[in-house]
Structures are given as structure tokens and as C-alpha cells.
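Spelled out from the first residue to the last, the chains are:
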Amino acid sequence: GRVFPMVMSLGYNPFYKNTVRSVEVHILHDFARDFYGARLSLVILGYIRPEYDYVSKESLIEDIRTDIRVAARSLARPGYVKYRQD
């Protein structure tokens, strides 16, 4: 399989009032089609921030975009590049 960068949320997603902890993966790649239900293997290489409750969906989306920028910069560092090639 191929390795794709991603950001993920692990927690209760308080904005959506979830009562069960879940993992949500946002893969930073445009795929030609959906693959819901497919099995993924994940390698977690870092931590960006805790989860927050948001006043709006737009605020949540903006923080996710910030997370994506932070992850992209981190994954470009030499210590992380090797995981992409592994």
C-alpha cells in the first residue's frame, strides 16, 4: 500500500456532542473515488493540539485547516520523510 499524510481527531468531538470516543482520519490526498469501509493502517507521528468545543462549524473547519498546515510543515522535516518512503 501507499503512504499518505493525514491529520486525525481522537476523542469525543464535543462540537457534535458525541458520547463515544472515535477516530476521524483526514487523508491529505485527493482520491478518484470514495473508499468508505476500507481498512487503514495508521502511523501516528505527532500531536498537534487537544480537541475543543467550537462555537461554530466554521471555527472547527478553520482549526482543521490550521492542523493541516502544521502537519504538512512537520512531515516535510527530515525525521518524518523516511516514513513516507518506508
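You'll find the chain entered in an unreviewed UniProt entry as Riboflavin kinase, with Glonium stellatum given as the organism. As recorded by UniProt, the Function (unreviewed entry) comment attached to the chain reads in full: "Catalyzes the phosphorylation of riboflavin (vitamin B2) to form flavin mononucleotide (FMN) coenzyme." Its UniProt record gives the chain the following Catalytic activity (unreviewed entry) comment, quoted word for word: "riboflavin + ATP = FMN + ADP + H(+)".

Novice: Any details on unusual backbone geometry? Residues and values, ideally.
Specialist: One non-glycine residue, N13, adopts positive backbone phi at about 50°. What makes N13 buried here is its relative accessible area of 11%.

Novice: Which residues make up the packing of aromatic side chains, and what are the values?
Specialist: All chains considered together, the criterion is met by 4 aromatic pairs. When the centroid spacing of 5.0 Å and the interplanar angle of 70° are considered together, the rings of F4 and F31 count as edge-to-face. Within this pair, whereas F4 is found in the segment before β1 (6-11), its partner F31 is found in the loop between β2 (22-27) and α1 (57-75), the two being separated by 27 residues in sequence. Classification of F4 by relative accessible area gives partly exposed; the value is 24%. Under the relative-accessibility criterion, F31 is labelled partly exposed at 34%.

The rules we used
- Residues numbered from 1 in each chain as written.
- Predicted model: local features only at pLDDT ≥ 70, side-chain atom pairs only at ≥ 80, totals over all residues.
- Heavy atoms only, no water.
- UniProt positions renumbered as here; feature names shortened; annotations may be inferred.
- Buried < 20%, exposed > 50% of the residue type's maximum accessible area, 1.4 Å probe, protein only.
- Phe/Tyr/Trp six-rings, centres within 6.5 Å; stacked < 30°, edge-to-face > 60°.
- Helix = DSSP H or I, 4+ residues; strand = E, 2+ residues; numbered from the N terminus.

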